[in-house]
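Take a look at the letters that make up each chain.
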Amino acid sequence: MIAGELVDRRVLVSCGAGGVGKTTISAALGLGLAAAGRRTVVVTIDPARRLAAALGMAGLSDEPRQVDPERARAAGVELTGEMWALQLDAKATFDRLVARHAPTPEARDRILANRIYGHLSSAVAGSQEYMAVERLHELVEEDAFESIVLDTPPARNALDFLAAPERMARFIEGRALRLLLRPGGGSTGIGWRALHAGSALVLSVLERLTGAELLREISEFLGSFEGMYTGFHDRADAVRELLKSDRSAFLVVTGPEPQPAAEAVDLWHALERGGYPVGGLVVNRTESLPEGGPAPIAELGRRLQAAGAADPEDLARRAARTLEEERMLAVRDLDVVEGLRAALGRPPVAEVPLLEHDPVEVAGLARVTAELFGT
Amino acid sequence: MSRAAAGPAPPLIERRLWFVLGKGGSGKSTVSATLGLTAALAGRRTLLMEVAGQNRVSAIFAGASVGHERPVELRPGLFGLSVMAEQAMEEYLTGQLRMRPLVEVLSRSRAFHHFVAAAPGLAEIVTLGKIWSLATELEPDGSKPVWDALVVDAPATGHALALLDAAGRIAQIATGGPIHEQAERIEAVIQHPAATGIVVVARPEELAVSEALDAAAELAERELPAALAVLNAMHTPRFSAGDDAALEAALGAGPLPPAERAALEAAHARRVRELDEQGLLERLRDGVGLPVLELPCLIARQIDLPALEGVAEDLARERPPALFGAT
């Protein structure tokens, strides 16, 4: 049980290595918050298929859609609040950001039509992380939801997405490149001549590699953002402040295998170092220890013979071997969870047992929710 | 129409540059290691590469320190290398400018460093460029390529597509200059089904298989040469339809001691799982449009290198057509 204590937070962020079930945990958190009376939105990044399937939605879009409360009721969950979900559309979010901050409609159109902008906003790794944080800012600003659950994108480093806004803002601000391209700072073309020797050399090298045309285009692109940097920075700052405050909580999600567990420890410490409030650890898909000791093969064989097995002893041996493997994995999971508790200084931990099937419907999700909220 | 569909594409083993793609948790890194071991056992001089500082290869070959300076021999014929964007950038500039002083000026320029760190997509293109240069490198006498097979443990699917797309995008953005030309040459290799083979990895789980089907469709749409789908961590059949009746009868026969009940339930659950997995295998075979290779589930406390080597030995001996082509 960990999430019960986090119901009042404005933003819950689920993060962890790829493949540990972050999206499922995010959806289960959203369901629990909605059941606890909160008007909740779950923001998922990639792919929304998992979440959409779990919530019985054919597809998700950039705009929040409400989960049918009847669906939850049918699965035995009474939503006294509301549960909404959306899938991040990085390009749409970026376009809105530009529209919001462009000084004039002409400036807006110029940016939206720029070739470099097209690549930057849709195709490039990194813009998704930036836009996840930007979308979070929009949702906080619109103030339509009491709780926001953010499912983090699969990043090389799970902290990447927190640094993304700053990195991207810095690129767009282009202080470095503008210094090279437009040392005069004015908006009249490229001040090639005014460059001091070092920059001129760097520039000529860049130009040799890329051709002058590309540099000119980048320069135009960066120039068109003139006057918008402050807006970008303010938003990046506001989000960082929110995420570091006690209105937010990070949940580190991991699997019970040694590799993701090691990554979870690194992530936990990195979050703490970064000053982010870590609310707890979720160990997803743990195998539970089977009852009893090793199966007695002779007895089991007799029982299977009575049940009509063709080769009862062989079947008994295969069954016993399967049980032993289960036990070995369950013991490993116990060891890993204990190791995590010790490494992280006994934090709040929720263990979500391995279900027979992936939770692809509300009923399955509700079981995960129960583990998270201890209901 | 994808180029792969234009003619019979060779099996993966006959291509040189392998990219292994999969969602987090699909076992992409262990599959990369297994494929690398298999290629080496099949007589290919093989380079196994990790990118973006993932250090998974080093973790699998416990004790081996896979560096980014030069390939480290992990097993006979199998080498490991970690490709770092920063280092690749410097190497690229050195090769490109052929003037050490110029590179030093750039390396010292703070403005340039900021640009490199922040420019979206730059890390991908220099990483891809480094992989390409390794893949096209020849022995000093020019007689043959240095590497017969290069296995890239790619980042998670979304980022991997960005990596594979990087050259094409740069070729589009930079309309002139050496970067444009080079990006086109890289793109030509990456897109050529005789040179490059992309491997899509999934676990036998409902959503994972759906995502693998999506990934294969996406690759086809981008005209990227997919070569193989791997269904990883399949439970080898241990129970069959003939066991069902006895297992159910024994479970329903009345009170049982806990250990016996647990064993029967474990057997029953495993049988259900095996059936599910067979169904998923068929779904993948029907929809993915690629040869499908099954790799077994290794039940162990942690990644078990001797077991992976055992799997690779089996593959090298049995030469499954999905990997080696029809004989």
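Here, every reference points to the structure presented above.
These notes cover the structure that comes with them.

Calculation rules
Residues numbered from 1 in each chain as written. Chains lettered and ligands numbered in written order. Predicted model: local features only at pLDDT ≥ 70, side-chain atom pairs only at ≥ 80, totals over all residues. Heavy atoms only, no water. Helix = DSSP H or I, 4+ residues; strand = E, 2+ residues; numbered from the N terminus. Buried < 20%, exposed > 50% of the residue type's maximum accessible area, 1.4 Å probe, protein only. Contact = heavy atoms within 4.5 Å. Areas by Shrake-Rupley, 256 points an atom, 1.4 Å probe, with all protein chains shown as cover. Lys, Arg positive; Asp, Glu negative; His and termini not counted. Charge placed at Lys NZ, Arg CZ, Asp CG, Glu CD. Core = buried A, V, L, I, M, F, W, Y, C linked by side-chain atoms within 4.5 Å. Salt bridge = Lys/Arg side-chain N within 4 Å of Asp/Glu carboxyl O. Pairing = 2+ DSSP bridges. Axes fitted to C-alpha atoms, helices over the stretch in contact; angles between N-to-C directions. Polar contact = N/O pair within 3.5 Å; in protein donor to acceptor, adjacent residues only side chain to side chain. Phe/Tyr/Trp six-rings, centres within 6.5 Å; stacked < 30°, edge-to-face > 60°.

Describing the overall build of chain A
- Looking only at helices and strands, chain A features 16 helices and eight strands.
- Looking at chain A as a whole, 54% of its 375 residues qualify as buried.
- Taking the contacts inside chain A whose residues are at least 6 apart along the sequence as the reference set, 77% of them involve residues at least 24 apart.
- Total accessible area computed for chain A in this model is approximately 15400 Å², and 50% of it derives from carbon and sulfur atoms.

Some remarks on the overall build of chain B
- Counting its regular elements, chain B contains 13 helices and eight strands.
- The dimensions of chain B, computed from C-alpha atoms along their principal axes, are 85 × 45 × 40 Å.
- Counting all 327 residues of chain B, 53% fall into the buried class.
- Considering only contacts in chain B between residues 6 or more positions apart, those separated by 24 or more positions represent 73%.
- Accessible surface, chain B as shown: approximately 13600 Å² in total, 53% of it carbon and sulfur.
- Of note, chain B has its 30 positive side-chain charges centred 5 Å away from the centre of its 41 negative side-chain charges.

Overview of the nonpolar core
- Counting 90 residues, the largest nonpolar core has A:Phe225, B:Leu17, B:Phe19, B:Leu21, B:Met49, B:Leu219 and B:Leu284 as the members making the most contacts within it.
- With nine residues, the top contributor of residues to this core is helix α7 (residues 157-173) of chain B.
- Membership of the second largest hydrophobic core comes to 39 residues, among which are A:Leu55, A:Val253, A:Leu355 and A:Ala366.

Quick look at the pattern of salt bridges
All names here are of chain A.
- As enumerated under the stated definition, the model contains 41 salt bridges over all chains in all.
- Residue Glu134 is joined to Arg235 by a salt bridge in which the shortest nitrogen-to-oxygen separation is 2.7 Å. On the criterion of sequence distance, the pair formed by Glu134 in helix α7 (residues 127-142) and Arg235 in helix α12 (residues 229-244) is long-range, its members being 101 residues apart.
- Classification of Arg235 by relative accessible area gives buried; the value is 6%.
- Among the salt bridges present, the one from Glu138 reaches Arg135, with a minimum N-O distance of 2.6 Å. Of this pair, Glu138 and Arg135 are both found in helix α7, three residues apart, which corresponds to roughly one turn of the helix.

Overview of the sheet that holds strand β1 (residues 17-22) of chain B
Residue and element names in this part refer to chain B.
- Spatially, the eight strands line up as an open sheet ordered β3-β4-β2-β5-β1-β6-β7-β8, and their pairing is mixed. Each edge of the open sheet carries a strand with a single partner, namely β3 (72-75) and β8 (292-296). Each strand axis lies, on average, 25° off the axis of its neighbour in the sheet, ignoring direction.
- Looking at chain direction, strand β6 (residues 196-202) and strand β7 (residues 226-234) are connected through five bridges and run parallel. Paired with Ala202 across the two strands is Leu231, which belongs to β7.
- Along the sheet, helix α11 (residues 258-288) makes contact with β7 and β8, crossing β7 at roughly 175°.

Description of the pairing of strand β6 (residues 248-254) of chain A
Residue and element names in this part refer to chain A.
- Summarising burial for β6: seven of the seven residues are buried, a large majority.
- The two faces of β6 match: Ser248, Phe250, Val252 and Thr254 on one face and Ala249, Leu251 and Val253 on the other face are all buried.
- One ladder, built from five bridges, connects strand β1 (residues 11-15) with β6; its direction is parallel. What sits directly across from Val13, in β6, is Phe250.
- For β6 and strand β7 (residues 278-286), the ladder comprises five bridges, and the chain directions are parallel. Counted as the bridge partner of Thr254 is Val283 from β7.

Concerning the side chain of A:Glu138
Residue and element names in this part refer to chain A.
- In this structure Glu138 comes out as buried when scored by relative accessible area, which is 2%.
- In this structure the side chain of Glu138 is engaged in a polar contact, spanning 2.8 Å, whose partner is the side chain of Arg96.
- When neighbours within four sequence positions are excluded, Glu138 is seen to be in contact with Thr93, Arg96, Arg100 and Arg235.

A word on unusual backbone geometry
- Not every positive phi belongs to a glycine, and A:Asp143 is a case in point at roughly 60°.
- One can find A:Asp143 in the loop between α7 and β5 (147-151).
- Since its relative accessible area comes to 52%, A:Asp143 is described here as exposed.
- In this model, B:Ala233 sits at a positive phi of 65°, which is unusual for a non-glycine residue.
- Along the chain, B:Ala233 turns up in strand β7.
- Overall, B:Ala233 belongs to the buried group, its relative accessible area being 9%.

A look at the sheet that holds strand β8 (residues 349-353) of chain A
All names here are of chain A.
- With mixed pairing, eight strands are arranged side by side in an open sheet as β3-β4-β2-β5-β1-β6-β7-β8. Two strands in the sheet have a free side with no partner beyond their single neighbour: β3 (65-66) and β8.
- Bridge count between β7 and β8: five bridges; the pairing is parallel. When the sheet's bridge partners are listed, Asn284 is paired in β8 with Val352.
- Of the strands in this sheet, β1, β2 (39-44), β4 (82-87) and β5 touch α7, which is tilted by about 175° from β5.
- In the packing of helix α15 (residues 312-343) onto the sheet, contacts are made with β6, β7 and β8, and the angle to β7 comes to roughly 170°.

Structural notes on the environment of B:Arg261
Residues and elements named next belong to chain B.
- Along the chain, Arg261 falls in helix α11.
- For Arg261 and Ala250, which are eleven residues apart along the polypeptide, the C-alpha to C-alpha distance reads 8.9 Å.
- Among residues more than four places away in sequence, those in contact with Arg261 are Leu251, Gly254 and Leu256.

Digging into the packing of aromatic side chains
All names here are of chain A.
- The full count for this structure, using the stated rule, is four aromatic pairs over all chains.
- Plain terms: the ring middles of Trp84 and Phe145 are 5.9 Å apart, the flat faces sit at 70° to each other, and that makes the pair edge-to-face. Residue Trp84 is located in strand β4, and its partner Phe145 is located in the loop between α7 and β5; the two are separated by 61 residues in the primary sequence. Residue Trp84 shares its accessibility class with Phe145, and that shared class is buried.

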